[in-house]
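Next come the chains, spelled out residue by residue.
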Amino acid sequence: MHSVEQARERILASIAPLPVETVGLAGAFGRFVAQPVRSTVDLPPADNSAMDGYAVRSQDLTPASAETPVVLRIIGVAPAGLVFDKTLEQGTCVRIFTGSILPRGADAVIMQEDVKHDDRDTSQILFIDKAPPWENCRLRGEDVKSGAVIAAAGEKLTAPRLSYLAAAGILSVRAARPPVVGLLATGNELREPGTPLPPGAIYESNRAGLAALARQAGAIPRIYPLIPDDLAATKSALERALTECDAVITTGGVSVGQMDWVKAAFTGIGGQLDLWKVAMRPGKPFAYGRWKEKLFFGLPGNPASALVTFIILTRPALLRMQGARDVLGPTMCAMLSEPLANPGGRRHFMRVTLDARGGARSAGNQSSHILSSLAQSAGLVDVPPQTTMAAGTIVQLIPWD
Ligand code: AMP
Ligand code: MG
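Residues numbered from 1 in each chain as written. Chains lettered and ligands numbered in written order. Predicted model: local features only at pLDDT ≥ 70, side-chain atom pairs only at ≥ 80, totals over all residues. Heavy atoms only, no water.

> Before we move on, could you go through the overall build of the protein and cite the residues and values that matter?
Secondary structure assignment for the protein yields 7 helices and 28 strands. Oriented by its inertia axes, the alpha-carbon framework of the protein measures out at about 95 × 50 × 40 Å. Taken over 401 residues, the protein has a buried fraction of 47%. Taking the intrachain contacts of the protein between residues at least 6 apart in sequence as the baseline, contacts between residues at least 24 apart amount to 69%. Of the accessible surface of the protein, which amounts to about 18800 Å², a share of 55% is contributed by carbon and sulfur atoms. (Helix = DSSP H or I, 4+ residues; strand = E, 2+ residues; numbered from the N terminus. Buried < 20%, exposed > 50% of the residue type's maximum accessible area, 1.4 Å probe, protein only. Contact = heavy atoms within 4.5 Å. Areas by Shrake-Rupley, 256 points an atom, 1.4 Å probe, with all protein chains shown as cover.)

Printed below as a string of structure tokens:
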């Protein structure tokens, strides 16, 4: 039996990233950049105003106070998007707006709320406060310099990073093609939701959750028909899915029961089984192997086991295929509001709920067939064997999303 870390290392070591393609920014959300991206411009590209107001020479306002206002003559208007062509001379100011380029000679902007108008002479403005140099100015290149790396290889294109790239003039990025992941469920007892449920049958539920998790991990899920517990049927379904996809995930039939055909079917079509059984709960009967350059993940059938082994052992592989730098996914700190006990001999990825103040507690029944606690849970907490974590312990929660 392998430890979680051994299993994960062995899986990751066997994976080559998928080929890289060019992706327009509009379609790049969630992708991982394959090559460093550099800014094409200084950001901001020029010194500009942070406020609606008046561009001034700060030294002109040195004597300004409420008692002795400084009067400056307005020599024009600098709207956003245009370059004001005159230079600010001593004793003058320019009407300016947020984002307008600073006129030559100006080194401060006074907010329009902070000035006084001369009702008899609208061509001049009264200033009653001093201004430190560069007050309310945004400086050229203060955000990023032209040529600087704005996304490193392996970084995920989040919404803020897409805005950053667009601002830097980037139209497209190089990113690995997303993996197509086939989802197969095995079991004579399984029925499609929406069809009648005869005695002894249950509705198939793993493909729905796995498809969502696969999509979250940047993959393209492809759902295949249910597979009966039969060696020949399992072989042909596996071979077809492995041919059509980059990776295939099966659930069920991977244990030691008489009806568990998945491993035999996989090796029977020429697959190389790299590992089987991982010391974790839920999810001990987990299998991993390769068929040609395609990946095979045999997940246990129980719903909690399937989703947990996806997060812990399968998602890292899908992320590695996309060239992601961080393949383990995010964790977040939470504080146990109740003790969390694992009396068993395997580490237990326990389902926990999270309250608004960051307090975590068991989501309820932790048996691997229980879906209600799975659905309630915000994520998983890794509890070592034969350990009770006390209330108040700070834990790393692995969120579902
Ligand atoms: P198995 O590993 O095939 O023996 O499955 C273990 C348990 O998980 C059994 O109770 C199965 O009925 C159940 N199970 C297997 N596959 C699914 C599935 N796709 N959806 C819901 N339950 C499943
Ligand atoms: Mg089964």
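> Account for the pairing of strand S13 (residues 180-185), naming residues and giving values.
Counting buried positions over the 6 residues of S13 gives 6, a clear majority of the element. What you see with S13 is no split at all: Val180, Gly182 and Leu184 on one side and Val181, Leu183 and Ala185 on the other are buried throughout. Bridge analysis of S13 against strand S16 (residues 220-223) gives 4 bridges, and the strand direction is parallel. Bridged to Val181 within S16 is Pro221. Relative to strand S17 (residues 247-251), S13 is paired through 5 bridges, and the arrangement is parallel. Paired with Leu183 across the strands is Ile249, a residue of S17. (Pairing = 2+ DSSP bridges.)

> Describe the sheet that holds strand S18 (residues 272-276), and please don't skip the residues or the numbers.
The sheet built from 6 strands is open, its strands ordered S16-S13-S17-S21-S20-S18 with mixed pairing. The strands lining the two open edges of the sheet, one partner per strand, are S16 and S18. Each strand axis lies, on average, 20° off the axis of its neighbour in the sheet, ignoring direction. Pairing between strand S20 (residues 287-291) and strand S21 (residues 294-299): 5 bridges, direction antiparallel. Within S21, the residue paired with Tyr288 across the bridge is Phe297. (Axes fitted to C-alpha atoms, helices over the stretch in contact; angles between N-to-C directions.)

> Give a description of the site of ligand 1 that names residues and reports values.
Taken together, 14 residues sit near ligand 1, with Glu189, Glu204, Ser205, Gly253 and Asn302 positioned nearest. Between ligand 1 and the protein, one listed contact pairs a nitrogen atom with a backbone N or O atom of Ser205 at 3.1 Å. Burial of ligand 1 by the surrounding chains reaches 75%, relative to a free accessible area of 480 Å². Grouping the amino acids of the shell around ligand 1 by side-chain chemistry returns 4 nonpolar, 8 polar and 2 charged. (Near = heavy atom within 4 Å. Polar contact = N/O pair within 3.5 Å; in protein donor to acceptor, adjacent residues only side chain to side chain. Nonpolar A, V, L, I, M, F, W, Y, C, P; charged D, E, K, R; others polar.)

> Describe unusual backbone geometry, naming the residues involved and giving the relevant values.
Both trends apply: most residues other than glycine have a negative phi, and most peptide bonds are in trans. A cis amide bond, omega -15°, links Leu43 with the succeeding residue Pro44. Residue Arg281 is joined to Pro282 through a cis peptide bond whose omega torsion reads -10°. Note on placement: Pro282 falls in the loop between strand S19 (280-281) and S20. One non-glycine residue, Lys277, lies in positive phi territory at about 80°. Mapped onto the elements of the fold, Lys277 is located in the loop between S18 and S19. A positive phi angle, close to 55°, is found at Lys292, a residue other than glycine.

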